[in-house]
Amino acid sequence: MNKKILGTIGVLTVFTLFAGGYETVAKNQKKAIPTVAVLQYMKHPALDAINDGIYKGLASEGFHKGRNVKIIYENAQGDQSNLKTMASKFDNTGADVSVGIATPAAVSLANTVTDRPVVFSASTTPVHSKLVKSYQHPGGNVTGVSDQAPLQSQLKMIQTFVPDVKNLGVIYTSSDDSASRQAKQMMKLAKKAGIEPKPYTISSSNDLNQTSKQMVTNHQVDAVFVPTDNTIAGAMPTLIDSTNAAKIPVFPTVDTMVRDGGLAAESINQEKLGVKTGKQVAQILNGKKPKDIPVGFIKKGDLIINRSQLDKLGIQLPDKYKQAKFVK
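Residues numbered from 1 in each chain as written. Predicted model: local features only at pLDDT ≥ 70, side-chain atom pairs only at ≥ 80, totals over all residues. Heavy atoms only, no water.

Undergrad: Please clarify how helix α7 (residues 208-216) should be interpreted in this entry.
TA: Turn by turn, an α-helix covers 3.6 residues, leaving residues three or four places apart pointing in a common direction. Looking at α7, one finds that the buried residues are Leu208, Thr211, Ser212, Met215 and Val216. The buried residues of α7 occupy an angular sector of 125 degrees when projected down its axis, which confines them to one face. Buried residues along α7 sit in contact with β6 (167-173), β7 (196-202), β8 (223-225), α8 (230-233) and α9 (236-245). (Buried < 20%, exposed > 50% of the residue type's maximum accessible area, 1.4 Å probe, protein only. Helix = DSSP H or I, 4+ residues; strand = E, 2+ residues; numbered from the N terminus. Arc of directions from axis to C-beta. Contact = heavy atoms within 4.5 Å.)

Undergrad: Where do I start with the sheet that holds strand β10 (residues 264-267) in this structure?
TA: Sheets are built from strands that pair by backbone hydrogen bonding, the pairs being arranged parallel or antiparallel. In spatial order, the strands read β10-β12-β13; together these 3 strands make up an open sheet with mixed pairing. What marks the edges here is a single partner per strand, and that holds for β10 and β13 (325-327). Strand-to-strand, the axes of this sheet are offset by a mean angle of 25 degrees, without reference to chain direction. Bridge count between strand β12 (residues 302-306) and β13: 3 bridges; the pairing is parallel. Residue pairing for β13: isoleucine 305 is matched across the bridge by phenylalanine 326. Its contacts with the sheet put helix α5 (residues 151-161) on β10 and β12, and the angle it makes with β10 is roughly 160 degrees. (Pairing = 2+ DSSP bridges. Axes fitted to C-alpha atoms, helices over the stretch in contact; angles between N-to-C directions.)

Undergrad: How do you make sense of the sheet that holds strand β4 (residues 118-121) when you look at a structure like this?
TA: With respect to topology, 6 strands assemble into an open sheet ordered β2-β1-β3-β4-β5-β11, the strand pairing being parallel. Because the sheet does not close on itself, it has two edges, and the strands there are β2 (70-75) and β11 (296-297). Examined bridge by bridge, strand β3 (residues 97-101) and β4 share 4 bridges and lie parallel to one another. Note on β4: the bridge partner recorded for serine 98 is valine 118. Of the strands in this sheet, β1 (35-40), β3, β4, β5 (142-146) and β11 touch helix α11 (residues 270-285), which is tilted by about 170 degrees from β4.

Undergrad: Would you mind showing me how to read a positive patch on the surface here?
TA: Among the surface-exposed residues, Arg181, Lys184, Lys188 and Lys192 lie close enough to one another that they form a single positively charged patch. Position of lysine 184 relative to the elements: it lies in helix α6 (residues 177-192). The class of lysine 184 is partly exposed, set by a relative accessible area of 48%. (Patch = residues over 30% accessible without salt bridge, like charges linked within 9 Å, V, L, I, M, F, W, Y side chains within 5 Å. Areas by Shrake-Rupley, 256 points an atom, 1.4 Å probe, with all protein chains shown as cover. Salt bridge = Lys/Arg side-chain N within 4 Å of Asp/Glu carboxyl O. Lys, Arg positive; Asp, Glu negative; His and termini not counted. Charge placed at Lys NZ, Arg CZ, Asp CG, Glu CD.)

Undergrad: What is the right way to read the pairing of β12 from this model?
TA: Where a strand is regular, its side chains alternate between the two sheet faces. β12 sits mainly inside the fold: 4 of its 5 residues count as buried. Taken together, the 4 bridges between β10 and β12 define a ladder with antiparallel strand orientation. Directly across from glutamate 266, in β12, lies its bridge partner leucine 303.

Undergrad: I tried to follow the side chain of threonine 211 on my own but got confused; where do I start?
TA: Residue placement: threonine 211 occurs in helix α7. A relative accessible area of 11% means that threonine 211 is categorised as buried. When near neighbours in sequence (up to four residues on either side) are disregarded, threonine 211 contacts Ile171, Tyr200, Thr201 and Ile202.

Undergrad: Before we go on, may I ask you to explain the environment of glutamine 214 in this structure?
TA: Within the secondary structure, glutamine 214 is located in helix α7. C-alpha separation for the pair glutamine 214 and valine 165, spaced 49 residues apart in sequence, amounts to 19 Å. Ignoring sequence-local partners within four residues, the contact set of glutamine 214 consists of Tyr200 and Gln220.

Written as structure tokens, this is what we have:
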């Protein structure tokens, strides 16, 4: 075999090794891009804001959507069967982290994805919902950020706007575990404060028109409290049509619900909640285990007031709230 042939074989061998090495590197680089799967319970401005915040939180930690992290997004549109199907899809995809926005989405993921990290965003009572064992030591493969509202401050705010409040309507979806528990907590606080709580429950948004009209008939209540309730959040105009007609103010716990007609709330900023969630996801992508990440909370609510509702209901703005954030 002459030197020319040997040289040619050598070049071909080097090329083959280089090509094979390049292919391996390319595959490894492709595999190195993590996948984050986001399951949102339903379409609503509050949950949309959380979703946007998650991407901002990830970006703040160096994970940029479409560049060095792949995002899979699904919206269940409030349908339980969709939640199960989409959670199974995430499990089969093998996403590095699955994120559930709102308790139903988080529970569905936690029940389906058992061998990879799950992060919840906006679960009001994650221990009671069996997502985590405790706030400080979640255990297992799940952690996240709670949207517990500062209820004591919320009640004081209601009393400031409506000093003569004697009967407080509390309306919530009976099948929403987080909303139910928050509603019951508010009723206990109201009773302690000498206010009579009057509970009204709905099973779906279809019940809201009739139930809200029943609640405000003959001024059975002086004000209405709405917990963090996704069903009512998605149908706020229906509730507000009934309460405005009776000149009764509604106090929700979420800023977007104030924009949709609530009078005021000391609310959790939904985007900030999402950012905090995104940062937790980034911690996991960087190697931290969910069991070692305590459940996050937004400790201070933002006071937000709907200025046009003040005018419609003929309510005077308390002096102490003149520096609040206003929406029209």
